[in-house]
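# Remarks on the overall topology
This is what each chain is made of:
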2 protein chains.
Amino acid sequence: MRKLLLVEDDSSLGYLLTEYLKMKDFQIVWATNGIEALEILKKEVFDLIILDVMMPEMDGFTLAEKIRDLYSSIPFMFLSARSLKIDVLKGFSLGAVDYLKKPIDEEELVVRVEALLNRLNIGINTSLQEEIILGGYLFNPATQELKYKDEIISLTSRESELLLFLWRRKNELSLHKDILTSIWGENDYFNRKSLNVFISHLRKYLSKDPRIVIENVHNKGFLLKVKE
Amino acid sequence: MRKLLLVEDDSSLGYLLTEYLKMKDFQIVWATNGIEALEILKKEVFDLIILDVMMPEMDGFTLAEKIRDLYSSIPFMFLSARSLKIDVLKGFSLGAVDYLKKPIDEEELVVRVEALLNRLNIGINTSLQEEIILGGYLFNPATQELKYKDEIISLTSRESELLLFLWRRKNELSLHKDILTSIWGENDYFNRKSLNVFISHLRKYLSKDPRIVIENVHNKGFLLKVKE
DNA sequence: AAAAAGATTAATAAAAGGTTAATTTTATTA
DNA sequence: TAATAAAATTAACCTTTTATTAATCTTTTT
């Protein structure tokens, strides 16, 4: 889970943002001033810090400088009512990854934070084609590859479609009828024979991990079981 | 040097931003519409794309979708007079790294672009010498040259475009459909035959380094694998 | 035990892919 | 503008891959 530190002295805005970000599945710690923020940073690790600029005692810019010097790798962004150009430029010159002008729209804040963390964590060359974890196997439906340790098994289109179909209903029964009409287009005697052949292929490929099994329910269909 | 593609139909704003960004030591190419932008992207590599949202013919959101599907690794940001929340959210949901509301302040644009490039991908897409490292090869899409040690292979335009296309989606599947519609313009039987010929050429050129291979996924597409 | 359904391996034919060469198109230059 | 060169497309031919069908054996159900 992504963990954020919010530094905001205004208690109503602080509370609102904290609750909203929690709802959006962020882990969030709220500090009400700079000193507290620095104390928290000594003990915990964060993915991103969100700083208000105008705060009593220590303003956000000063705090950002300290954070940058002490923990240079943690990205931070500003929230500010001061939307003067000079302030925005100052924010970025201190190394901010973003500068949001108040009034803050919580939804916009969330999508910006997500865009930032996605880029930062996952990196530039992240594939949109994701891999499915299947016990000790990795299955990539886009490239039709099934990996087990160093070994790569190239699946055919039908094999890949069938495995994906079963995986989407894993631990649930997939009816012959549904598989055949969805993948083959027609539910008849010959296609059903064909389905048996492909089930057999998949079982062979998946035999390296006993936690992954394709079970038959007599006269009903098949079932991809993924154990614990 | 960092290389940007600006897509902006308004000529005075386009000119202003182009000149300003040049002054700030960016290499910048300005396209006035989506079609032109896609043509340029076939031949050149960029670190960041800046898109206007409201444009005739093809709007920025539609263009962004195409860019994301074809060249998933290039970050893009929006410039827009439409500051409605729904537009900002749409921009980020398409995968934008930032969304700036017009009127644009050039200085703020520059610091945001710099912050992005510093954080995200310094020198990932365009290296200083503009050359792409491909195992033991150096590929320069601008000069269409592929170097291996002392040897220089001159690629034709098609060969170069195809290699660039595959490289931008390296280790991911590039669908026949996407390659053909992007490079040939039309996805038909004959162009697909032609594609096979060019794949064959590239494989021959790239055969000196076994870490670089072009794999086929039957009935789906091709995949440039760059190992370790 | 008989009949039906399922599993597995192998054989076959169709489609897709790979490669080289010939032909057409496009660009260059004399 | 005609001759030449280069590039892209099309053709021809061969190889590989794939889905289907067949053949045979095993399991399940009644």
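Below is a short write-up of the structure. (Residues numbered from 1 in each chain as written. Chains lettered and ligands numbered in written order. Predicted model: local features only at pLDDT ≥ 70, side-chain atom pairs only at ≥ 80, totals over all residues. Heavy atoms only, no water.)

Bringing the packing of helix α7 (residues 176-184) of chain B against helix α8 (residues 189-205) of chain B into the picture now. All names here are of chain B. The N-to-C vectors of α7 and α8 enclose an angle of 95°; their axes lie 11 Å apart at closest approach. Put simply, α7 runs roughly perpendicular to α8. In this structure, α7 contributes His176, Ile179, Leu180 and Trp184 to the contact, and α8 contributes Asn191, Arg192, Ser194, Leu195 and Phe198. In terms of residue class, the contact of α7 with α8 is made up of five nonpolar, three polar and one charged. (Axes fitted to C-alpha atoms, helices over the stretch in contact; angles between N-to-C directions. Helix = DSSP H or I, 4+ residues; strand = E, 2+ residues; numbered from the N terminus. Parallel < 35°, antiparallel > 145°, perpendicular 65-115°, else oblique. Contact = heavy atoms within 4.5 Å. Nonpolar A, V, L, I, M, F, W, Y, C, P; charged D, E, K, R; others polar.)

So, on to the protein's contact with DNA strand D. In the neighbourhood of DNA strand D, 18 residues make up the surrounding shell, with A:Thr156, A:Arg158, A:Trp184, B:Thr156 and B:Trp184 lying closest. Each atom of DNA strand D within 4 Å of the protein was assigned to sugar, phosphate or base; sugar and phosphate come to 85%. Between DNA strand D and the protein, one listed contact pairs a phosphate oxygen with a side-chain N or O atom of B:Ser194 at 3.2 Å. In terms of residue class, the surface near DNA strand D is built from eight nonpolar, eight polar and two charged. (Near = heavy atom within 4 Å. Polar contact = N/O pair within 3.5 Å; in protein donor to acceptor, adjacent residues only side chain to side chain.)

Residues in close proximity to DNA strand C total 24 residues, the closest being A:Arg192, A:Arg203, A:Asn219, B:Arg192 and B:Arg203. For DNA strand C, the backbone makes up 86% of the atoms found within 4 Å of the protein, where backbone means sugar plus phosphate. Between DNA strand C and B:Asn219, the relevant distance is 2.9 Å, taken from a phosphate oxygen to a main-chain nitrogen or oxygen of the residue. Elements that contribute at least two residues to the surface near DNA strand C include exactly α8 (189-205) of chain A together with α8 of chain B. Across the surface near DNA strand C, the residue classes tally to four nonpolar, 12 polar and eight charged.

Attention now moves to the sheet that holds strand β8 (residues 145-148) of chain A. Residue and element names in this part refer to chain A. Strand order in this open sheet of four strands is β6-β7-β8-β9, and the pairing throughout is antiparallel. Of all the strands in the sheet, the pair left with one neighbour each is β6 (132-134) and β9 (151-154). Strand-to-strand, the axes of this sheet are offset by a mean angle of 25°, without reference to chain direction. Note: β8 against β9, four bridges, orientation antiparallel. Bridge assignment links Tyr148 to a residue of β9, and that residue is Glu151. On top of the sheet, helix α6 (residues 157-168) reaches β6, β7 (137-140), β8 and β9; it is set at about 75° to β6, its chief contact. (Pairing = 2+ DSSP bridges.)

Residue and element names in this part refer to chain B. Counting buried positions along strand β1 (residues 2-7) gives five out of six residues, so the element sits mostly inside the fold. Here β1 runs beside strand β2 (residues 26-31); their pairing, made up of six bridges, is parallel. Each bridged residue has a counterpart across the sheet, and for Leu6 the counterpart in β2 is Trp30. Between the parallel elements β1 and β2, the chain passes through helix α1 (residues 11-23) in a crossover that is right-handed. Inspection of the sheet shows β1 paired to strand β3 (residues 48-52) by four bridges, in the parallel sense. Paired with Leu4 across the strands is Leu48, a residue of β3. (Buried < 20%, exposed > 50% of the residue type's maximum accessible area, 1.4 Å probe, protein only. Right-handed = clockwise from strand over helix to strand, strands pointing away.)

This next bit is on the packing of aromatic side chains. Each aromatic ring pair is specified by the distance between its two centres and by the angle formed by the two planes. Counted by the stated rule, this structure contains 13 aromatic pairs over all chains. Arranged with centres 4.7 Å apart and planes meeting at 45°, the rings of A:Tyr137 and A:Tyr148 form a pair that is tilted. Taken together, the residues span a long stretch of sequence, with A:Tyr137 in strand β7 and A:Tyr148 in strand β8 at a distance of 11 residues. Pair check on accessibility: A:Tyr137 and A:Tyr148 agree, each one buried. Taken together, a centroid distance of 5.9 Å and an interplanar angle of 65° make the contact between B:Trp184 and B:Phe198 edge-to-face. Taken together, the positions of B:Trp184 in helix α7 and B:Phe198 in helix α8 put the pair 14 residues apart, joining distant regions of the chain. In this structure, B:Trp184 and B:Phe198 share a single accessibility class: buried. (Phe/Tyr/Trp six-rings, centres within 6.5 Å; stacked < 30°, edge-to-face > 60°.)

All right, on to unusual backbone geometry then. The residue after A:Lys102, namely A:Pro103, is reached through a cis peptide bond having omega 5°. Position of A:Pro103 among the secondary structure elements: in the loop between β5 (98-101) and α5 (106-122). Of note, the phi angle at B:Gln144 is positive, near 60°, even though the residue is not glycine. Mapped onto the elements, B:Gln144 comes out in the loop between β7 (137-140) and β8 (145-148).

Attention shifts here to the interface of chain B and chain A. Bring the parts together and some accessible area is lost; that lost area is often taken as the interface size. The partner chain A presents 34 residues to the 34 residues of chain B that form the contact. For the chain B and chain A pair, buried surface summed over both sides reaches about 2,700 Å², with 54% attributable to carbon and sulfur atoms. On the chain B side of the interface with chain A, the three residues burying the most area are B:Phe92, B:Arg112 and B:Arg119, jointly 20% of the side's total. Applying the counting rule to chain B against chain A returns nine salt bridges. Between A:Asp105 and B:Lys85 there is a salt bridge; the shortest N-O distance is 3.1 Å. Taken together, the links from chain B to chain A amount to 13 residue pairs in polar contact (both at pLDDT 80 or more). Every element with two or more residues in the side of chain B that touches chain A is listed here: α4 (85-93), β5 (98-101), α5 (106-120), β11 (212-217) and β12 (221-226) of chain B. Considering each element in turn, the side of chain B that touches chain A owes the most residues, seven residues, to α5(B). (Buried area = accessible area lost by both parts, 1.4 Å probe. Salt bridge = Lys/Arg side-chain N within 4 Å of Asp/Glu carboxyl O.)

Attention shifts here to the pattern of salt bridges. Tallying each qualifying case throughout the model produces 39 salt bridges over all chains. Where A:Glu151 meets A:Lys208, a salt bridge forms, and the shortest distance between an N and an O atom there is 2.8 Å. Linking A:Glu151 in strand β9 with A:Lys208 in the loop between α8 and β11 (212-217), this pair joins segments that are 57 residues apart in sequence. Since its relative accessible area comes to 36%, A:Glu151 is described here as partly exposed. Of the residues examined, A:Lys208 reaches a relative accessible area of 36% and is grouped as partly exposed. What you see here is one network of salt bridges that share partners, running through A:Asp98, A:Lys101, A:Glu108, A:Arg112, B:Asp98, B:Lys101, B:Glu108 and B:Arg112.

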